[in-house]
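Given next are the chains, with one letter for each unit.
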Amino acid sequence: MELGQMQGRLAEYTRSLYMEGILDAQFLQLQQLQDESNPDFVVEVVSLFFEDSEKLLNDIARALDQQSVDFKRVDAHVHQLKGSSASVGAQRVKDACVAFRNCCEEQNVEGCLRCLQQVKQEHYLVKNKLETLFRLEQQIVAAGGSVPMAEMTF
Amino acid sequence: MASDTDYDSDGMRDNGNGGSSEGNGRRRRHPMMTWRNNLRALVVDNGRICRIMESGLLDAYGVEVEAVGTGEAAVELIASGETFDLIVIEMFLPFMSGPETARTIREMGITSKILGIAPMYWEKDAQEFLAAGIDEFLEKPFTPELFVPFLREIDNQK
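Owing to the predicted nature of the structure, the values given are computational and were not obtained by experimental measurement.

K.L.:
Can you walk me through helix α1 (residues 3-19) of chain A in this structure?
P.N.:
Helical geometry note: an α-helix holds 3.6 residues per turn, so side chains three or four residues apart project in the same direction. All names here are of chain A. The end-to-end C-alpha separation of α1 is 24 Å, in line with the 24 Å expected for 17 residues at 1.5 Å each. Every buried residue of α1 is accounted for by Met 6, Leu 10, Tyr 13, Thr 14, Leu 17 and Tyr 18. One side of α1 holds all its buried residues, which, seen down the axis, span an arc of 140°. Away from its buried face by more than 90 degrees, α1 exposes Glu 12 and Met 19. For α1, the secondary structure elements touched by its buried residues are α2 (25-32) and α6 (109-142).

Have a look at this one:
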């Protein structure tokens, strides 16, 4: 595939992520922070995000598995996950966390377990999508092209 | 709200243990905005992703940033004589909470602009944080849209 086609495919893929609500404008902010002095910023932050969020999801599952569920603890973890997902632009993960908080308030274990499933689904979806995005970018760079800077107007 | 998950360490740029500050080792060559004065901000957030993004964005907009992971570290930094034009504090810090941190800082006589931030906007959280002495309560993500007006105000008043 020639470079122009690859760049076109990347642009289309990126657009689809925004259209499907998987990413929001905050991801553009993240991309804007990448520059020549920090050329891998986006990949690094996204990796840290997935590292943190996987641990949080495990902590939440463990907390919900207890005989007597500590909903304050679950809520604290959900809060963290909402904050970090919002900070990187993982919109659907963020939205799933908002729903989760309501279940924590109601102290409803079944509800929380359903919410956890939803958050996990969205989490793995955005992870797969971003892995594909980064792979497309790498292909362009490997072919000697450059990945266009994200535009702030959206 | 105490959490057994340690988010104080493993900052991206350097060591970052809970008590020390992640100084802004690299200043952006071409910030998005420039100011008449040298503006300094302190970010207090135990979530490392949030901390990285909050510091990164402030830095990108021409602000000199220090970032810490606990309220205690923030208080210690200010007590050591460091001054900041803007202080950004997360509500749900692990030990000394966001409101407790804000209250302590105000009791130290600090009149700088303090913004309280939280993952979700809940009225009772906002009321608690405002009563503790912050100037404004904001829901994350902490975006330039939210913080630039405050920077402008601070810069004009200096």
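K.L.:
Would you take a moment to explain the nonpolar core for this structure?
P.N.:
For soluble globular proteins, the rule of thumb is that nonpolar side chains tend to be buried together. Counting residues in hydrophobic clusters, the biggest one holds 71 residues, and the most contacted among them are Phe27(A), Leu30(A), Val74(A), Phe100(A), Leu130(A) and Leu58(B). If near-sequence neighbours (up to four positions away) are discounted, Leu58(B) is found in contact with Ala41(B), Val43(B), Val63(B), Val65(B), Leu86(B), Phe142(B), Phe147(B) and Leu151(B). Counting 24 residues, the second largest nonpolar core, distinct from the first, contains Val44(B), Val75(B), Ile105(B) and Ile134(B).

K.L.:
I would appreciate a short explanation of the UniProt feature "domain: Response regulatory" (unreviewed entry) in chain B in the present structure.
P.N.:
According to UniProt, the "domain: Response regulatory" (unreviewed entry) feature falls on residues 40-155 of chain B. Between the C-alpha atoms that bound residues 40-155 of chain B the distance is 11 Å, and the span itself is 46% helix and 22% strand.

K.L.:
Could you clarify how one ought to interpret the pattern of salt bridges in this entry?
P.N.:
Close approach of charged atoms lets side chains of opposite charge pair. Following the criterion strictly, the structure yields 21 salt bridges over all chains and no others. Its salt-bridge partner being Arg40(B), residue Glu82(B) comes within 3.0 Å of it at the nearest N-O pair. One end of the pair, Glu82(B), is in the loop between α2 (71-79) and β4 (86-90); the other, Arg40(B), is in strand β2 (residues 40-44), with 42 residues separating them in the sequence. Accessibility expressed as a relative area gives 15% for Arg40(B), which makes it buried. The structure contains a network of salt bridges with shared partners spanning Asp75(A), Arg101(A), Lys124(B) and Asp125(B).

Criteria and thresholds
Residues numbered from 1 in each chain as written. Chains lettered and ligands numbered in written order. Predicted model: local features only at pLDDT ≥ 70, side-chain atom pairs only at ≥ 80, totals over all residues. Heavy atoms only, no water. Helix = DSSP H or I, 4+ residues; strand = E, 2+ residues; numbered from the N terminus. Expected span 1.5 Å × (residues − 1). Buried < 20%, exposed > 50% of the residue type's maximum accessible area, 1.4 Å probe, protein only. Arc of directions from axis to C-beta. Contact = heavy atoms within 4.5 Å. Core = buried A, V, L, I, M, F, W, Y, C linked by side-chain atoms within 4.5 Å. UniProt positions renumbered as here; feature names shortened; annotations may be inferred. Salt bridge = Lys/Arg side-chain N within 4 Å of Asp/Glu carboxyl O.

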